Amino acid sequence: MILMKFIIPLIFLSMCIVAYQFALKMPYHFYQEAMTEGIDSSFLSLKKLPAKIYQGSAYQFKKMEGISAEDKRLWERLHFSDYVLPFPIRHPSFQVVPIIERREGKHFFGYKIINYKNKEINQVIFHSPKRFTLDLHRHKVFGLPLFRQKIMNEGLENVWRDLFSKNFFLSSYLFTPDVGDNWSPWKLPLTGIVYDLFIMSSRERLFPLEAQKISYWDEKNIGVLELVDKETIEGKSRQYREELIYLLENDTVYKIELRTLLEDYSAEKYRQKLLKTLTVKDSHEDSSTHLYAAFQKLDYRDKLSPSGLVYLYAGLTHKPKSRSFIREMIQFLERGSNDPIFIRPLYDYGFELFGTNFSKDINERRETANEKLKRIMKEEKEKELKRLLDGEILDVKEKFETPEKKIQFYLQKAKDFGGDSDYNSKSVIID
């Protein structure tokens, strides 16, 4: 009996020690389970992510020779959408073709770079800016005071960097300490573990799961995701590199889709020039005024060419819903002898937005019945006005104070006579 009095407490003490050691290991198991199986609890819900999503890295920018030495007069930096970008205005190897895509009820502006064979070598599409927030209330665990404070102390800049650079496969939390290595709960890296889980959760929320590589370019504060290309998804041979470029400016994220033809010197040349020189500048309606002024300085021949199109198209990104701007832009570009690929995206955009592509070319014209009626009525009104001003309807007795009153008078007369089938445009009006 005396022996039992010692054995039972000893067993109980041993069980407490084992339970205590097990409790000290729980955070590590929680972390490891999040990566291997995912977690679904009231405090945190995190799917098991593809292996590539856990692997952040430093971006390696390998500068090509000859880019900085190129004649700067071949390029011009223009304010396009929310960016200042390099455009090959006078470059003999590149031309710019507009891209306007509609996705989920929104229009996305971009462009493609084509070579002298009209082959697409680059494609650039811009997304609408979005606020970058830490989003601590999505999961309860991140809102707990201790962990909330840790994440807040890191700040947007560090979270942004870790979002692209942290490699969870190199984390020390993947290795559970041996029994007896730690006896103090104060030595548990709880805040570090939960911070890593926060970065995992943010990647799940912000990044496409088909990302093949995640990296961070420290010099430019840019995150780069390389994606599975469209051709591979369709079961074809790979032709292009597809990337998502993320820029953080203050608390706003700017995202760009970039597509580059593989094993093509010119395509890689443009890609690197774009990445190296692009900057953020928020769009404003007045920005189109400066671009239009630059367009007006061009020679008349250049205005009708793809070079002139770049200025006008950049201006359109700042006034995307302006009917008059789109109409004048399309009708001006139609005067040039350009390949239809340059203007067709604008035709489609105008028709989708206003029911007409504004073309003066009857072979290219596309419009709804309502827009056709409005156009015909306007044309008839303009013809009637021209006849009035050319003196086909003569005033004999009426005296007018101003030319404007004379025009208004004859417009009203033309309207009055318009309902008479016997109306003769050569009639003399006598009051």
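Worth saying up front: this structure is predicted, and the values here are computed from it rather than measured.

Attention now goes to the overall build of the chain. Secondary structure assignment for the chain yields 13 helices and 13 strands. Carbon and sulfur atoms form 54% of the exposed surface of the chain, whose accessible area is close to 24,800 Å².

A word on the side chain of His-318. For His-318, the position within the fold is in the loop between helix H9 (306-316) and helix H10 (323-333). The buried category is assigned to His-318, whose relative accessible area is 5%. Engagement of the side chain of His-318 in a polar contact is seen with the backbone oxygen of His-79, the distance being 2.8 Å. A polar contact of 2.7 Å, which involves the side chain of His-318, links it to the side chain of Ser-283. With residues up to four places along the chain from it excluded, the contact list for His-318 reads His-79, Phe-80, Ser-81, Ser-283, His-284, Glu-285, Ser-287, Ser-288 and Leu-291.

Attention now goes to the pairing of strand E4 (residues 83-87). E4 sits mainly inside the fold: five of its five residues count as buried. Here E4 shows a buried face lined by Tyr-83, Leu-85 and Phe-87 and a second buried face lined by Val-84 and Pro-86. Strand direction decides the pairing type here: strand E3 (residues 76-80) and E4, joined by five bridges, are antiparallel. Along E4, the bridge assignment pairs Leu-78 with Leu-85.

For the rest of this paragraph, the subject is unusual backbone geometry. In the Ramachandran plot, Ser-81 falls in the positive-phi region, its phi being about 55 degrees despite a non-glycine side chain. Tracing the backbone shows Ser-81 in the loop between E3 and E4. One non-glycine residue, Phe-358, lies in positive phi territory at about 65 degrees. Mapped onto the elements of the fold, Phe-358 is located in the loop between helix H11 (340-354) and helix H12 (369-389).

Let's shift gears to the packing of aromatic side chains. Aromatic ring pairs are defined here through the distance separating the ring centres and the angle between the ring planes. Overall, the coordinates contain 28 aromatic pairs when judged by the stated rule. On the basis of an interplanar angle of 80 degrees and a centroid distance of 6.5 Å, the ring pair of Tyr-111 and Tyr-270 is categorised as edge-to-face. In this pair, Tyr-111 is assigned in strand E6 (residues 106-114) and Tyr-270 in helix H6 (residues 265-277), connecting sequence segments 159 residues apart. The residues Tyr-111 and Tyr-270 share a single accessibility class, namely buried.

Okay, H12 next. With 21 residues, H12 extends 30 Å between its outermost C-alpha atoms, agreeing within 8% with the 30 Å of an ideal straight helix rising 1.5 Å per residue. For H12, every residue scored as buried is listed here: Glu-371, Arg-375, Glu-384 and Leu-388.

A sheet is described by the order of its strands in space; here three strands give the open sequence E3-E4-E13, paired in antiparallel fashion. Every other strand in the sheet has two partners, leaving E3 and strand E13 (279-280) as the edge strands with one partner each. When E4 meets E13, the two strands line up antiparallel, connected through two bridges. Of the residues in E13, the one forming a bridge with Tyr-83 is Val-280. Where H6 meets the sheet, its contacts fall on E3, E4 and E13, and the angle it forms with E4 comes to roughly 150 degrees. Contacts from H9 reach E3 and E4 within the one sheet, and its direction differs from that of E3 by about 30 degrees.

The first and last C-alpha atoms of helix H3 (residues 145-165) sit only 26 Å apart over 21 residues, clearly below the 30 Å expected at 1.5 Å per residue. Of all the bends in H3, the greatest, near 95 degrees, is centred on Gly-155. Buried within H3 are the following residues: Phe-147, Ile-151, Gly-155, Val-159, Trp-160, Asp-162, Leu-163 and Phe-164. Looking at the buried positions of H3, the neighbouring elements they touch are helix H2 (140-143), helix H4 (190-206), strand E9 (211-217), strand E10 (222-227), strand E11 (240-249) and strand E12 (252-261).

Moving on, we come to the nonpolar core. Among soluble globular proteins, nonpolar side chains are generally buried collectively. Core analysis: the biggest nonpolar cluster contains 59 residues, and Tyr-111, Tyr-313 and Leu-346 have the highest contact counts within it. Ranked by residue count, the leading element in this core is H9, at seven residues. Ignoring any residue separated from it by four or fewer positions in sequence, one finds Tyr-313 in contact with Phe-80, Pro-98, Ile-99, Ile-100, Phe-109, Gly-110, Tyr-111, Met-329 and Leu-346. Counting 40 residues, the second-largest nonpolar core is a separate cluster that includes Ile-53, Tyr-195, Met-200 and Val-253.

Basis of the calculations
Residues numbered from 1 in each chain as written. Predicted model: local features only at pLDDT ≥ 70, side-chain atom pairs only at ≥ 80, totals over all residues. Heavy atoms only, no water. Helix = DSSP H or I, 4+ residues; strand = E, 2+ residues; numbered from the N terminus. Areas by Shrake-Rupley, 256 points an atom, 1.4 Å probe, with all protein chains shown as cover. Buried < 20%, exposed > 50% of the residue type's maximum accessible area, 1.4 Å probe, protein only. Polar contact = N/O pair within 3.5 Å; in protein donor to acceptor, adjacent residues only side chain to side chain. Contact = heavy atoms within 4.5 Å. Pairing = 2+ DSSP bridges. Phe/Tyr/Trp six-rings, centres within 6.5 Å; stacked < 30°, edge-to-face > 60°. Expected span 1.5 Å × (residues − 1). Axes fitted to C-alpha atoms, helices over the stretch in contact; angles between N-to-C directions. Bend = angle between axes of the 7 residues up to and from the residue. Core = buried A, V, L, I, M, F, W, Y, C linked by side-chain atoms within 4.5 Å.

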